[in-house]
Amino acid sequence: LDTILNQKYTQAKLQNTSMRFTVSDLSSFPMKDEDVVTLLGNLLDNAINALKDGEEVEKTIHLLLSFQANAFVIQVVNQYRDKPIKYNEDNFFHGLGLDIVKSTVEFYHGIFDIEDDGENFTVNIILYLEI
């Protein structure tokens, strides 16, 4: 978790995007490392790409990670001016990120919700993990 957050923070900072983290105590977190990387890597890549050329928006990504009882909550919020342009040169794999996230959420019998109010793009995920 620490590695993926540091990597994405550095990637965002290189394009003048800030990240705001709200993270609860994850010391008893039972999720597999590769699933955490899959979820956060794809979600944060999407948010970073959405802000890549966003000169007229707040270039900040808000990330909430909370684990209480058996519920792991992930929320990623970013502004955008226009629908994000696809930046990945590999057209075959581009756009698979949210499908991979959805599959991971389904594996954990979780809830996946996207909110788009025309200015803010918000992804909400709740996973029910066995402790």
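As shown above, the structure is provided for reference.
Residues numbered from 1 in each chain as written. Predicted model: local features only at pLDDT ≥ 70, side-chain atom pairs only at ≥ 80, totals over all residues. Heavy atoms only, no water.

Chemist: How should I be thinking about the overall build of the protein in this particular structure?
Modeler: Secondary structure assignment for the protein yields three helices and five strands. Of the regular secondary structure in the protein, the N- to C-terminal order runs α-β-α-β-β-α-β-β. The proportion of buried residues among the 131 residues of the protein is 37%. When contacts within the protein are restricted to residue pairs at least 6 apart in sequence, those whose partners lie at least 24 apart make up 64%. Roughly 7900 Å² of accessible area belongs to the protein as shown, and the carbon and sulfur atoms make up 49% of that amount. (Helix = DSSP H or I, 4+ residues; strand = E, 2+ residues; numbered from the N terminus. Buried < 20%, exposed > 50% of the residue type's maximum accessible area, 1.4 Å probe, protein only. Contact = heavy atoms within 4.5 Å. Areas by Shrake-Rupley, 256 points an atom, 1.4 Å probe, with all protein chains shown as cover.)

Chemist: What's the story with the sheet that holds strand 4 (residues 111–116) in this structure? I'm lost.
Modeler: Strand pairing in a sheet relies on backbone hydrogen bonds, with the paired strands running either antiparallel or parallel. With mixed pairing, five strands are arranged side by side in an open sheet as 1-2-3-5-4. Each end of this open sheet is capped by a strand with a single partner; those strands are strand 1 (18–23) and strand 4. Ignoring strand direction, the axes of neighbouring strands in this sheet form an average angle of 10°. Pairing analysis gives six bridges linking strand 1 to strand 2 (residues 60–68), with the strands arranged parallel. Pairing of Ser18 across the sheet is with Thr60, part of strand 2. The strands touched by helix 2 (residues 33–50) within the sheet are strand 1, strand 2, strand 3 (71–79) and strand 5 (120–128), with strand 3 carrying the most contacts at an inclination of about 15°. Sheet strands in contact with helix 3 (residues 97–107) are strand 4 and strand 5, and its direction is about 145° off that of strand 4. (Pairing = 2+ DSSP bridges. Axes fitted to C-alpha atoms, helices over the stretch in contact; angles between N-to-C directions.)

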